[in-house]
Amino acid sequence: MDFRWNIITNNLPFLFKGASITLQLTIISVAIGTVIGLFVSLMRVSRFKPFLWLSMSYIDFLRGTPLLVQIFLVHMGFPQILTELLGTTIKFPVFVSAIIALSLNSGAYIAEIFRGGIQSIERGQMEAARSLGMTYGQAMRYIILPQAFKRSIPPLGNEFIAILKDSSLVSVIALQELMMVGRIIAGRSFRPFETFVGIAIFYLIMTMTISQLVSYMERRLGKSDHCQ
Amino acid sequence: MITVNNLKKNFGALEVLRGISCQIAHKEVVVVIGPSGSGKSTFLRCLNQLEEATAGEIFIEDVNITDPKTNINKVREEVGMVFQRFNLFPHKTALQNVALAPLKVRNQSPQQAEELAMKLLVRVGLEDKAHQYPDKLSGGQQQRVAIARALAMHPKIMLFDEPTSALDPEMVGEVLEVIKDLAREGMTMVVVTHEMGFAKEVGDRVLFMDEGLIVEEAPPKELFNSPKNKRTQAFLSKIL
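Within any chain, residue numbers begin from 1 and follow the written order of that chain's sequence. Whichever chain is written first becomes A and whichever ligand is written first becomes 1, with later ones labelled in order. Where local features are concerned, this predicted model is filtered to residues with pLDDT of at least 70; where side-chain atom pairs are given and counted, the filter is 80 or more; whole-chain, interface and lining totals use all residues. In computing side-chain values, all of the structure's heavy atoms are included and hydrogens and water are not.

A. Fine view of the packing of aromatic side chains. Classification of ring pairs uses Phe, Tyr and Trp, with its six-membered ring standing for Trp, and accepts pairs whose centres are within 6.5 Å; under 30 degrees between planes counts as stacked, over 60 as edge-to-face, and the remaining range as tilted. According to the stated counting rule, one finds 6 aromatic pairs over all chains in the structure shown. Summarising the aromatic geometry, the rings of A:F48 and A:F51 are spaced 5.0 Å apart at their centres and angled 85 degrees between planes, so their arrangement reads as edge-to-face. The cut-offs for exposure are 20% and 50% of the maximum accessible area for each residue type, with area from a 1.4 Å probe on protein chains only; residues under the lower value are buried, those over the upper are exposed, and the others partly exposed. The exposure class assigned to A:F48 is partly exposed, which follows from its relative accessible area of 47%. On the numbers, 5.2 Å between centres and 40 degrees between planes, the contact of B:F208 with B:F235 is tilted. Residue B:F208 is located in strand β9 (residues 205–210), and its partner B:F235 is located in helix α9 (residues 230–239); the two are separated by 27 residues in the primary sequence. Both residues of the pair, B:F208 and B:F235, belong to the buried class. Ring pairs connect the aromatic residues A:F3, A:W5 and A:F193, which therefore count as one cluster. Only DSSP runs of H or I covering at least 4 residues are called helices, and only runs of E covering at least 2 are called strands; the numbering of each starts at the N terminus.

Shown next, in the form of structure tokens:
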């Protein structure tokens, strides 16, 4: 048996296109997830009970159920309900469904990352800010969040890598990201081994590049870290 | 200027303050001493409501700050606080630390706020450290920046919560010097401290607290030389 490299090399443009979709999906989802995560984490640390309950239910549901189920719920469940409510057929494009599902999912994890960051800032920081007459919101915005965000960068990098890998699950709704591209090539060539080795290499290159980037940022911020 | 009526504070089942009443006059320097766990810091932190009172009233210039309807942010603009552990903002330079509240709370222009901040840094002798971050400053320098930061709001009252307890011995002097200057200029101050020399020198009155109560209060000479209460005597014999 020999390893047929040409299965990979003949399909390079197709593979690159899949990888590009995967990257877009990841970047957009993590960006939206970061915004969601910020608001949910602020609700999670607030003393206002309804905010607390709402944010905890959100986090528990999205972290406690499989992403695969969430993808089906968004892509098939929501359109069904919207269709019934509005009386006209509604369907999301697969890319939109994928973004919604991944953003909601990463939002929950990022909310917990930010919460950890916020709670790691010593109480004295909030007290000093409040003692100067700042409101809770001002103290959060100018004092707590900038420091918390800095401490959140390493786990955010890990979350980015996790979402990049988990985005392969959206191939089940036939979005042509990297994993779906692999399934198509394997189906056409009847060479799943070469194909998925190629796919794995593509994922590996992307995740390793990102983890290098994150550790570079960590080192740079570490130098100007005025948090200690 | 400050009137405290029967102030009580509980943490759960623990009674930390068990009924404190006192009056502090305009321009008076009041030093609070007592063993650890006596409630000194809690009492001080109630004066700007960093700790919410469980019962009792605190008036600052006729404003009842324990009333939930009072806008506590407005009150805190007038009451500066200096902490044992400095609590400077580590992501901001010394100058930015001082300028932040005038900028964001008083809505001054950036130039105005920075000018004011610079003036205050000169006053505490740290103009050459203006653009340093707190982690590049010694403890004494950090605490002087913290004092400048509190003064930037032009407070009518300054609260000091063991301002020299976290400092290396050789830095205590420079911080006390700044606080003494303030006292000479007529700032109304409440100082929780273990520095008895400082208490004698600048205090108009000393409050001795134990187990959540003011046990004895008198001018420093009187309290240190001829304490009347047994517990005051016991405490002073241990530390002097």
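Now, onward.
B. Up close: the side chain of A:Q70. All names here are of chain A. Examined against the element boundaries, Q70 turns out to sit in helix α4 (residues 67–86). Residue classification places Q70 among the buried positions, given a relative accessible area of 4%. Contacts of Q70, omitting those with residues within four sequence positions, involve F61, L62, T65, A101 and N105. Pairs of residues are marked as contacts when any of their non-hydrogen atoms sit within 4.5 Å.

C. Up close: the pattern of salt bridges. Residue and element names in this part refer to chain A. Think of a salt bridge as a Lys or Arg side-chain nitrogen and an Asp or Glu carboxyl oxygen that are within 4 Å of each other. In this structure the tally under the stated criterion is 23 salt bridges over all chains. In this structure, the salt-bridge partner of R63 is E112, at a minimum N-O distance of 3.9 Å. Remark: E112 occurs in helix α5 (residues 94–120) and R63 occurs in helix α3 (residues 49–64); sequence separation between them is 49 residues. Its relative accessible area of 39% is what places R63 among the partly exposed residues.

D. Molecular detail of the packing of helix α3 (residues 94–104) of chain B against helix α5 (residues 139–151) of chain B. Residues and elements named next belong to chain B. A fitted line through C-alpha atoms serves as each axis, taken over the contacting stretch for helices, and the angle formed by two N-to-C directions is quoted from 0 to 180°. Their axes nearest at 8 Å, the elements α3 and α5 cross at an angle of 25 degrees. Taken together, the axes of α3 and α5 lie roughly parallel to each other. At the point where α3 passes α5, the crossing takes the right-handed sense. Of α5, the residues touching α3 (which contributes A94, N97 and V98) are V145, A148 and R149. Gly is put with the polar residues, along with every residue not named as nonpolar or charged; the nonpolar set is Ala, Val, Leu, Ile, Met, Phe, Trp, Tyr, Cys and Pro, and the charged set is Asp, Glu, Lys and Arg. When the residues that make up the contact of α3 with α5 are grouped by side-chain class, the tally is 4 nonpolar, 1 polar and 1 charged. For classification, angles of less than 35 degrees are called roughly parallel, those exceeding 145 degrees roughly antiparallel, those between 65 and 115 degrees roughly perpendicular, and all remaining angles oblique. Handedness of a helix crossing follows the sense of rotation of the near helix relative to the far helix, less than a right angle counterclockwise being left-handed and clockwise being right-handed.

E. Broad picture of the layout of surface pockets. Considered as a void within the structure, the largest pocket measures approximately 990 Å³ in volume. Each cavity reported here is a set of points on a 1 Å grid over the protein atoms alone in which a 1.4 Å probe fits but cannot get out, each pocket an open set with protein on both sides within 12 Å along at least five of seven lines, and each lining residue one with an atom within 4 Å of a point. Along its surface, the largest pocket is lined by 27 residues, and A:R47, A:M126, A:R130, A:Y136 and B:L50 are the ones closest to its centre. Listed by contribution, the elements that provide at least two residues to the lining of the largest pocket are α5, α6 (123–131) and α7 (136–166) of chain A together with α2 (72–78) of chain B. For the lining of the largest pocket, the element with the highest residue contribution is α6(A), accounting for 4 residues. Classifying every residue of the lining of the largest pocket gives 11 nonpolar, 5 polar and 11 charged. Grid points are joined across faces, edges and corners, and a volume is the space filled by probe spheres set on the points.

F. Spotlight on empty space enclosed by the protein. Residues and elements named next belong to chain B. On inspection of all chains with the given rule, the structure shows 1 cavity of 30 Å³ or more. One number sums up the size of the largest cavity: a volume of about 40 Å³. Of all elements in the fold, only β6 (79–82) and α5 reach the threshold of two or more residues within the lining of the largest cavity. In terms of residue count, the dominant contributor to the lining of the largest cavity is α5 (3 residues). Residue classes in the lining of the largest cavity are distributed as 7 nonpolar, 1 polar and 1 charged.

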